[in-house]
Amino acid sequence: MKIISNYINGELVNPLSGSYLDVFNPAEGKVYAQLPDSDGGDVNLAFKAASAAFPLWSSFTVEKRSRILLNISQAIETNIEELALAESMDNGKPLKLARSVDIPRAATNMRFFATSILHFASESHYMEEGVINYTLRRPVGVVGCISPWNLPLYLFTWKIAPALAAGNCVVAKPSEITPMTAFLFSKICIEAGLPKGVLNIVHGLGNKAGNAIVSHPGITAISFTGGTQTGEHIAKIAAPMFKKTSLELGGKNAAIIFNDAPYYEMIKTVVRSSFSNQGQICLCCSRIFIEKPLFEKFKKDFIHRVKKLQVGDPLKESTDVGAMVSEPHMKKVLSCIKIAGEEGGTITTGGKRIILNGRCENGWFIEPTIIEGLQSNCRTNQEEIFGPVVTIMPFENEEEVLGYANSTKYGLAASIWTNNLGRAHKFAEKIKTGIVWVNCWMIRDLRTPFGGMKSSGVGREGGWEALKFFTEQKNICIKY
Ligand code: NAD
């Protein structure tokens, strides 16, 4: 049994309470590790360590901070196999995905912000002769970073890297469902020479350790990625305390496919945008709208390709779709499929739990599922499912499909497939999402603003947006 420790003041420590929680390997459906069940006391210790480290860390030159963060990035790359295996075991995702996407991206996150901070500059406003303003940007202080289970190390580092690069000290909490790579990351930080207290990782439950971070009066900015309901709860605590918040929340993304879509590229990408990481990526497109003349052909080809996806042991190279992250989440997704049936949907592919043989016989696997025959306004098409489940729906014209696409409370991402340039631009402008892909999906330039509209969040991450969030601006006006 592996035992995970908190990382506080540069050391790996037990939770004050001495209590631990189970961590499951979802592909085997069994407990394989224990994580600290931390509480407000541990968060307090982490905060004290972070505030003691802040004067030194924030006074380092950007070059010095950058060099340490680059060491961390390098160490992630050196340990890619160990981290990828840990991520796959913890989360159920295919090992090949963790090795090719999650872990390399965690290294890139650290390197990207280690180097962007070297180029981060602030403005100066000349007003008139004798009056000039300049903007001073200083780190906020001790900040809280809370991340979800779907892309564990990838999203954890996506927050921590800009926070540290900008000179803040951090109290962070990874998801209690997938804590292993954050634990390995704490060991990497120690070896890479990160000064003690600069980053503190407190493991535990959201409504206990997470809540203690959000409500701590000394932690003045919260960067959160997770569900919309949790985001709402955090906003209620943080708003009266006037904390800065960045909230990256749920989605119900649309793929819109016109007759003139680049067909081959579209069909293979839509399979990926539907089922990558078992459909558990906030950017996955779960509603697929197809222009009517193309509908039958698309349906036939899509089903054919989806049926060929290999659901299986995440450690096998041949596996395309791994395990669902937890038993409760698997049950939730299966109940959503049941609701789709009750709403009048026809399950054209999948729809059931899969029981595998051997090592994974007790694992939590679901068949990639395609549903048709539903209205755009039903629950299945309005609520986030966050699993390997998509709906396909025909549409007649642009106006109709735009209405469908914008009909949910979410507004994270959309993917538009057309070779009509004018239409692509028009849709890109009119769709109410923070991210739009045209003839592609999930191509990420880390300099671009990342985040959603409506119930998908508040604020943007990435590039200068992240560095601005993690700094406090001050205007200084000088008369000379
Ligand atoms: P979640 O909201 O249950 O948990 C996310 C994190 O918040 C975890 O670390 C959890 O412990 C913590 N938490 C829970 N309750 C808390 C509380 N009361 N106070 C403080 N922290 C608390 O989400 P999840 O199930 O881990 O992740 C899935 C969700 O994340 C989906 O809705 C998905 O769309 C969303 N997501 C969004 C993005 C994005 O960039 N917009 C990216 C990935 C995932």
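Model, not experiment: these values are computed from the prediction. (Residues numbered from 1 in each chain as written. Predicted model: local features only at pLDDT ≥ 70, side-chain atom pairs only at ≥ 80, totals over all residues. Heavy atoms only, no water.)

**Some words on the overall build of the chain**
Line of reasoning, step 1. Along the chain, the regular secondary structure elements total 15 helices and 25 strands.
Line of reasoning, step 2. Dimensions of the chain, computed from C-alpha atoms along their principal axes, come out at roughly 70 × 65 × 40 Å.
Line of reasoning, step 3. A fraction of 74% describes how many contacts in the chain between residues 6 or more apart in sequence connect residues 24 or more apart.
Line of reasoning, step 4. Here the chain has roughly 19,200 Å² of accessible surface; of this, 55% comes from carbon and sulfur atoms. (Helix = DSSP H or I, 4+ residues; strand = E, 2+ residues; numbered from the N terminus. Contact = heavy atoms within 4.5 Å. Areas by Shrake-Rupley, 256 points an atom, 1.4 Å probe, with all protein chains shown as cover.)

**Looking at unusual backbone geometry**
Line of reasoning, step 1. A positive phi is found at Phe242, a non-glycine position, where the angle reads about 55 degrees.
Line of reasoning, step 2. Locating Phe242 in the fold gives a position in the loop between α8 (228-238) and β12 (244-248).
Line of reasoning, step 3. Positive phi, close to 55 degrees, is recorded for Asn277, a residue that is not glycine.
Line of reasoning, step 4. Relative to the assigned elements, Asn277 resides in the loop between α9 (263-275) and β14 (285-291).

**Side note on the domain arrangement of the chain**
Interface extent is often summarised as the accessible area lost during association of the parts.
Line of reasoning, step 1. Each assigned domain of the chain is listed with its residue range as follows: domain 1 (2-249 + 456-479) and domain 2 (253-446).
Line of reasoning, step 2. Between domain 1 and domain 2, the contact holds 33 residues from the first and 31 residues from the second.
Line of reasoning, step 3. Carbon and sulfur atoms supply 58% of the area that domain 1 and domain 2 bury against each other, a total of about 2,600 Å² over both sides.
Line of reasoning, step 4. Viewed at the interface, domain 2 and domain 1 are joined by three salt bridges.
Line of reasoning, step 5. Of the charged contacts, one joins Asp320 and Lys96 as a salt bridge, the two residues approaching to 3.5 Å between their closest N and O atoms.
Line of reasoning, step 6. Seen at the junction of domain 1 and domain 2, the total is 13 residue pairs in polar contact (both at pLDDT 80 or more).
Line of reasoning, step 7. When contributions to the side of domain 1 that touches domain 2 are tallied by element, the ones reaching two or more residues are β4 (20-25), α3 (80-91), α4 (95-116) and α5 (152-165).
Line of reasoning, step 8. Element by element, the count of residues in the side of domain 1 that touches domain 2 is highest for α4, at eight residues.
Line of reasoning, step 9. Tallied by class, residues from the side of domain 1 that touches domain 2 come to 14 nonpolar, 13 polar and six charged. (Domains from an automatic or database assignment. Buried area = accessible area lost by both parts, 1.4 Å probe. Salt bridge = Lys/Arg side-chain N within 4 Å of Asp/Glu carboxyl O. Polar contact = N/O pair within 3.5 Å; in protein donor to acceptor, adjacent residues only side chain to side chain. Nonpolar A, V, L, I, M, F, W, Y, C, P; charged D, E, K, R; others polar.)

**Quick look at the site of the ligand**
Line of reasoning, step 1. Surrounding the ligand, one finds 29 residues, the nearest of these being Ser147, Glu176, Thr230, Leu249 and Glu384.
Line of reasoning, step 2. Separating a nitrogen atom of the ligand from a backbone N or O atom of Asn211 is a distance of 3.5 Å.
Line of reasoning, step 3. His233 places a polar side-chain atom, nitrogen or oxygen, 3.4 Å from a nitrogen atom of the ligand.
Line of reasoning, step 4. For the ligand, the protein covers 89% of the area, taking 840 Å² as the surface of the free molecule.
Line of reasoning, step 5. According to the grid-proximity analysis, the pocket containing the ligand is the largest pocket.
Line of reasoning, step 6. The set of elements that each furnish at least two residues to the shell around the ligand consists of α7 (206-215), β11 (221-225) and α8.
Line of reasoning, step 7. Take the shell around the ligand: its biggest share by element is four residues, from α7.
Line of reasoning, step 8. The residues that make up the shell around the ligand include at least three from each of domain 1 (2-249 + 456-479) and domain 2 (253-446). (Near = heavy atom within 4 Å. 1 Å grid on protein atoms, 1.4 Å probe; cavity = no way out; pocket = protein on both sides within 12 Å on 5 of 7 lines; lining within 4 Å. Sits in = over half its atoms within 2 Å of the grid points.)

**Points about the sheet that holds strand β19 (residues 389-395)**
Line of reasoning, step 1. Spatially, the seven strands line up as an open sheet ordered β15-β18-β19-β14-β13-β21-β22, and their pairing is mixed. Across the chains shown, the open sheet's two edge strands, defined by having one partner strand only, are β15 (346-349) and β22 (435-438). Neighbour to neighbour, the strand axes of the sheet diverge by 25 degrees on average, direction disregarded.
Line of reasoning, step 2. Along the sheet face, helix α14 (residues 421-430) touches β13 (253-257), β21 (413-417) and β22 and points at about 165 degrees away from the line of β21. (Pairing = 2+ DSSP bridges. Axes fitted to C-alpha atoms, helices over the stretch in contact; angles between N-to-C directions.)

**Side note on helix α1 (residues 40-59)**
Line of reasoning, step 1. Here α1 is 20 residues long and its end C-alpha atoms lie 29 Å apart, about the 28 Å a rise of 1.5 Å per residue gives.
Line of reasoning, step 2. Residue Ala53 marks the point of greatest curvature in α1, where the axis turns by about 45 degrees; the proline Pro55 follows within four residues.
Line of reasoning, step 3. Residues of α1 that are buried include every one of Asp42, Val43, Ala46, Phe47, Ala49, Ala50, Ala53, Trp57 and Ser58, and no others.
Line of reasoning, step 4. Where α1 begins, one side-chain oxygen reaches toward the backbone nitrogen of Gly41, 3.0 Å away; that side chain belongs to Asp39. (Expected span 1.5 Å × (residues − 1). Bend = angle between axes of the 7 residues up to and from the residue. Buried < 20%, exposed > 50% of the residue type's maximum accessible area, 1.4 Å probe, protein only.)

**Some remarks on the environment of Gly373**
Line of reasoning, step 1. Turning to its location among the elements, Gly373 is positioned in the loop between β18 (369-372) and α12 (379-382).
Line of reasoning, step 2. A sequence separation of 28 residues divides Gly373 from Gly345, and the C-alpha atoms of the two residues are 5.0 Å apart.
Line of reasoning, step 3. In this view, Gly373 contacts Gly344 and Ile392; residues no more than four positions away in its chain are not counted.

**Details of empty space enclosed by the protein**
Line of reasoning, step 1. In the structure shown here, the tally under the stated rule is six cavities of 30 Å³ or more.
Line of reasoning, step 2. When its volume is computed, the largest cavity comes out at roughly 110 Å³.
Line of reasoning, step 3. Lining the largest cavity are 16 residues, and of these Gly279, Ile281, Cys284, Ser286 and Phe386 lie nearest its centre.
Line of reasoning, step 4. Mapped by element, the contributors of at least two residues to the lining of the largest cavity are β14 and β19.
Line of reasoning, step 5. Per-class residue counts for the lining of the largest cavity are eight nonpolar, six polar and two charged. (Points joined across faces, edges and corners; volume = space filled by probe spheres on them.)

**Here we look at the side chain of His216**
Line of reasoning, step 1. Position of His216 relative to the elements: it lies in the loop between α7 and β11.
Line of reasoning, step 2. Overall, the relative accessible area of 10% leaves His216 in the buried class.
Line of reasoning, step 3. When residues no more than four places from it in sequence are discounted, the contact partners of His216 are Val43, Asn44, Phe47, Met241 and Lys243.

**With respect to the layout of surface pockets**
Line of reasoning, step 1. The computed volume of the largest pocket comes to approximately 950 Å³.
Line of reasoning, step 2. Lining the largest pocket are 39 residues; nearest its centre among them are Trp149, Phe224, Gly226, Gly227 and Thr230.
Line of reasoning, step 3. For the lining of the largest pocket, the secondary structure elements donating two or more residues are α7, β11, α8 and α11 (327-342).
Line of reasoning, step 4. For the lining of the largest pocket, the element with the most residues is α8, which contributes seven residues.
Line of reasoning, step 5. For the lining of the largest pocket, the residue count by class is 15 nonpolar, 17 polar and seven charged.
Line of reasoning, step 6. Residue contributions to the lining of the largest pocket reach at least three from each of two domains, namely domain 1 (2-249 + 456-479) and domain 2 (253-446).
Line of reasoning, step 7. As a volume, the second largest pocket reaches approximately 470 Å³.
Line of reasoning, step 8. Lining the second largest pocket we find 23 residues, and of these Leu97, Arg272, Phe275, Ser276 and Asp320 sit closest to its centre.
Line of reasoning, step 9. The set of elements that each furnish at least two residues to the lining of the second largest pocket consists of α4 and α9.
Line of reasoning, step 10. It is α4 that provides the largest number of residues to the lining of the second largest pocket, a total of five residues.
Line of reasoning, step 11. Class assignment of the residues belonging to the lining of the second largest pocket gives a composition of eleven nonpolar, four polar and eight charged.

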